[in-house]
Amino acid sequence: MEIFHKTKVKYIILLISGLFLAFSIYYFQNHIFEIGLNPYSNLRSDRMTGKEQFVLHVNKPSRVYLLHNAKLTGGYVEFVIKKEDGLVIEDYRLTEDKFINRSYNLEEGKYYCTIMRDVENNREKLRFYYDKRFITQEYVK
Amino acid sequence: MKISKNIRKSLFEVEKISLLIISVVVLVNLGANGLVVLLSDAEATSYFIQQLASNITLFGFIYLMMYSINQAITAIPFLVSLNCRRKSLAKNVMFNGLTRSLFITLIIIFINAIVFAPEIGLDSVTGIIGFNISSNNPVILLTIAVIFCMLLYFIYSLTTFISLLGVKYGWEYVLTAVFIILGTCFLLFRPIVLLFIFGRQLNLFIFLVLILTAIFSLINYRSIVDFEYKY
């Protein structure tokens, strides 16, 4: 342990850790844009109706994560993920307060995600995560 | 028993300074946020309550960090210079961290239970580590409390470890430790996002925190027992 008291050793270790930090910042800068958190929405309204739809273009099998914290006084929220050939990956309809935390393995292809709402006093939080390296998102409406 | 009580008293003398500083910072921060309530409309009240919850959560962590640093750089060298029994001191330092972590967890859970009560209707947080924080389910609340307490004690052990490292070997190692921690956070940013929002790899995270806490606690215990007063 005596070696750690030597000034030279101290500065060498400090320099190595500084280089590690510099490398990690460089890595962070290059990879931060791979994180797709979309939709990332905090919705709050007295009344909300309509349809929101986006397409996920999956280029490589990947996992997506969904967190949906719905608080509604009346009405419904419906969330559907459907593959282009019609295969339903997810389909749920909420008519009361509910917390959804799910993940899905998506194969290559095109997936249509639709959110239908006809809600009163909507307090809704939605987080949808995917890896931008393998999945691109396109809003339809 | 009496020695242990005296050590606790001496450590509390140091803690008083941390408590005073953190209270002033929290009060000033909340005071500034409180002005929004006075100057704005009714919506601001819920904003203030959210600020209260997030401030107390954040400063819970900062308080523990400050307390552990204060202990390592002032109380431990002072008590060692007075030939205090090292094993009792080491046990007390660890036990203090545990009780403070429990206490802060209780305060935070209590405030969150009030703030996120359905009557108040606050809904600022989607979920934390994959759990619904505004839930009234006791099992979920207990799980969050246990994880939170573990995390607090982990932070306490880590800062005690870094402070003792600095006292024993020099400031260069403190900076090294900070660089390594920051670097690891930058490298693991994506898993961290997935963990703290969606609760992905939560089991692995809990396992790692437990293992690292045990390692740091053991090293801290040995460091305090072998502490040499050199001033």
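About the cut-offs
- Every chain is numbered independently, its residues counted from 1 as its sequence is written.
- Naming scheme: in the order in which they are written, chains are lettered from A and ligands are numbered from 1.
- A pLDDT threshold of at least 70 governs which residues receive local features in this predicted model, and a stricter bar of 80 or more applies before side-chain atom pairs are shown or counted, although totals over entire chains, interfaces and linings include all residues.
- Hydrogen atoms and water are omitted, and side-chain values are computed over all heavy atoms in the structure.
- By definition, residues are in contact when any of their heavy atoms lie within 4.5 Å.
- Buried surface area refers to the total accessible area, computed with a probe of radius 1.4 Å, that the two partners give up upon joining, counted for both partners together.
- We define a salt bridge as a side-chain nitrogen of Lys or Arg found within 4 Å of a carboxyl oxygen belonging to Asp or Glu.
- Here a polar contact is taken to be a pair of N or O atoms separated by no more than 3.5 Å, where protein atoms must pair a possible hydrogen donor with a possible acceptor and residues adjacent in sequence count only if both atoms sit in side chains.
- Only DSSP runs of H or I reaching four residues or more are called helices, and only runs of E reaching two or more are called strands; each is numbered from the N terminus.
- We call Asp, Glu, Lys and Arg charged. Ala, Val, Leu, Ile, Met, Phe, Trp, Tyr, Cys and Pro are nonpolar, and the rest, Gly among them, are polar.
- Nonpolar side chains (Val, Leu, Ile, Met, Phe, Trp, Tyr) are joined into patches within 5 Å and like charges within 9 Å, using only residues with over 30% relative accessible area and no salt bridge.
- What sets the accessible areas is the Shrake-Rupley method with a 1.4 Å probe; for residues, cover comes only from the shown protein chains.
- Only four residue types enter the charge count: Lys and Arg as positive, Asp and Glu as negative, with His and the chain ends excluded.
- A single reference atom marks each charge: NZ on Lys, CZ on Arg, CG on Asp, CD on Glu.
- Remark: exposure states derive from per-residue accessible area (1.4 Å probe, protein chains only) relative to the maximum for the residue type, with buried under 20%, exposed over 50%, and partly exposed in between.
- Strand pairing is defined by DSSP finding a minimum of two bridges between the two strands.
- As annotated, the domain borders come from an automatic or database domain assignment.
- Helix axes use the C-alpha atoms of the stretch in contact, all axes being lines fitted to C-alpha atoms, and the angles between their N-to-C directions lie in the range 0 to 180 degrees.
- Oblique is the label for any angle not under 35 degrees, not over 145, and not in the 65 to 115 range, which are roughly parallel, roughly antiparallel and roughly perpendicular in turn.
- By the definition used in this description, the sense in which the near helix is turned from the far one sets the handedness, with an anticlockwise turn below a right angle giving left-handed and a clockwise turn giving right-handed.
- To estimate the expected span of a helix, count its residues, drop one, and scale the result by 1.5 Å.
- To obtain the arc, one takes the directions from the helix axis to the C-beta atoms.
- Working definition: a ring pair exists when centres of Phe, Tyr or Trp rings (six-membered ring for Trp) sit within 6.5 Å. Plane angles under 30 degrees give stacked, over 60 give edge-to-face, the rest tilted.
- Placement of a positive charge over a ring is assigned whenever Lys NZ or Arg CZ falls within 6 Å of the ring centre and within 35 degrees of the normal to the ring plane.
- In this description, a nonpolar core means a group of buried Ala, Val, Leu, Ile, Met, Phe, Trp, Tyr and Cys residues linked to one another through side-chain atoms lying within 4.5 Å.

A. Expanded view of the interface of chain A and chain B. The interface of chain A with chain B comprises 36 residues on the first partner and 32 residues on the second. Across the chain A to chain B interface the summed buried area is about 3,200 Å²; carbon plus sulfur atoms make up 65%. At the boundary of chain A with chain B, the tally comes to 3 salt bridges. Across the chain A-chain B interface, the total number found is 7 residue pairs in polar contact (both at pLDDT 80 or more). Take the side of chain A that touches chain B: its biggest share by element is 14 residues, from helix H1 (residues 7-31) of chain A. Its residues assigned to classes, the side of chain A that touches chain B comprises 20 nonpolar, 6 polar and 10 charged.

B. Region of interest: a positive patch on the surface. Residue and element names in this part refer to chain B. A surface patch of positive charge is lined by Lys-2, Lys-5, Arg-8 and Lys-9. Along the polypeptide, Arg-8 turns up in helix H1 (residues 2-39). Assessed through its relative accessible area of 35%, Arg-8 is described here as partly exposed.

C. Molecular detail of the pairing of strand E1 (residues 35-58) of chain A. In terms of strand pairing, E1 of chain A meets strand E6 (residues 109-131) of chain A through 21 bridges, oriented antiparallel. Directly across from His-57 of chain A, in E6 of chain A, lies its bridge partner Lys-110 of chain A.

D. Highlighting the domain arrangement of chain A. When its domains are assigned, chain A resolves into domain 1 (1-33) and domain 2 (35-139). The C-alpha centroid of domain 2 of chain A is placed 41 Å from the C-alpha centroid of domain 1 of chain A.

E. Spotlight on the pairing of strand E3 (residues 74-83) of chain A. Residues and elements named next belong to chain A. Of all 10 residues in E3, 7 are buried; the element is thus mostly enclosed. Where E3 and strand E4 (residues 88-94) come together, 6 bridges link them in antiparallel fashion. Note on E4: the bridge partner recorded for Glu-78 is Arg-93. With antiparallel pairing between neighbouring strands as the criterion, E3 and E4 make up a hairpin whose turn holds 4 residues, including Gly-86 at a positive phi of roughly 100°.

F. View of the packing of H1 of chain A against helix H5 (residues 171-187) of chain B. One can describe the packing of H1 of chain A onto H5 of chain B by two numbers: an axis separation of 8 Å at closest approach and a directional angle of 20°. As far as their axial angle goes, H5 of chain B and H1 of chain A are roughly parallel. Relative to H5 of chain B, H1 of chain A is oriented so that their crossing is left-handed.

G. Focus on H5 of chain B. With 17 residues, H5 of chain B ought to run about 24 Å at 1.5 Å a step, and its terminal C-alpha atoms sit 24 Å apart, in line with that. Of all the residues in H5 of chain B, the buried ones are Glu-172, Tyr-173, Thr-176, Ala-177 and Gly-183 of chain B. Around the axis of H5 of chain B, the buried residues are gathered within 135° of arc, so they sit on the same side. Contacts made by the buried residues of H5 of chain B are with H1 of chain A together with helix H4 (138-169) of chain B.

H. Focus on the packing of aromatic side chains. Applying the stated rule across the entire model yields 22 aromatic pairs over all chains. Between the aromatic rings of Phe-23 of chain A and Tyr-27 of chain A, the centroid separation amounts to 6.5 Å while the plane-to-plane angle is 40°, which identifies the pairing as tilted. One end of the pair is Phe-23 of chain A and the other is Tyr-27 of chain A, both in helix H1 and 4 residues apart, which spans about a single turn. By relative accessible area, Phe-23 of chain A is classed as partly exposed at 48%. Aromatic pair Tyr-67 of chain B and Tyr-156 of chain B: ring centres 6.3 Å apart, planes at 35°, arrangement tilted. Here Tyr-156 of chain B lies in helix H4 and Tyr-67 of chain B lies in helix H2 (residues 43-81), a separation of 89 residues in the sequence. A network of ring pairs unites the aromatic residues Phe-54, Phe-79, Tyr-92, Phe-128, Tyr-130 and Tyr-139 of chain A as a single cluster. Positioned over the ring face of Tyr-76 of chain A is Arg-93 of chain A, at 3.9 Å from the centre of the ring.

I. Molecular detail of the nonpolar core. Among the nonpolar cores identified, the biggest contains 54 residues, and Leu-11, Ile-76, Leu-89, Val-93, Leu-202 and Ile-224 of chain B are the most heavily contacted of them. Counting only elements with at least two residues in this core, the list comes to H1, H2, helix H3 (86-115), H4, H5 and helix H7 (202-225) of chain B. Per-element tally for this core: the top contributor is H4 of chain B, with 17 residues. Discounting residues that sit within four places of it in the chain, Leu-11 of chain B has contacts with Tyr-67, Gln-71, Ala-75, Leu-79, Asn-92, Val-93 and Asn-96 of chain B. Leu-72, Ile-81, Phe-128 and Tyr-130 of chain A belong to the second-largest nonpolar core, a separate cluster that totals 24 residues.

J. Local environment of a nonpolar patch on the surface. Taken together, the side chains of Leu-204, Phe-207, Leu-208, Ile-211, Leu-212, Ile-215 and Ile-219 of chain B present a nonpolar region at the surface, about 590 Å² in accessible area. Along the polypeptide, Ile-219 of chain B turns up in helix H7.

K. Representation of unusual backbone geometry. With an omega of 5°, the peptide bond between Asn-38 of chain A and Pro-39 of chain A qualifies as cis. Topologically, Pro-39 of chain A is positioned in strand E1. In this structure, Asn-83 of chain B takes a positive phi of about 60° despite not being glycine. Note on placement: Asn-83 of chain B falls in the loop between H2 and H3. Residue class for Asn-83 of chain B comes out exposed when judged on its relative accessible area of 70%.

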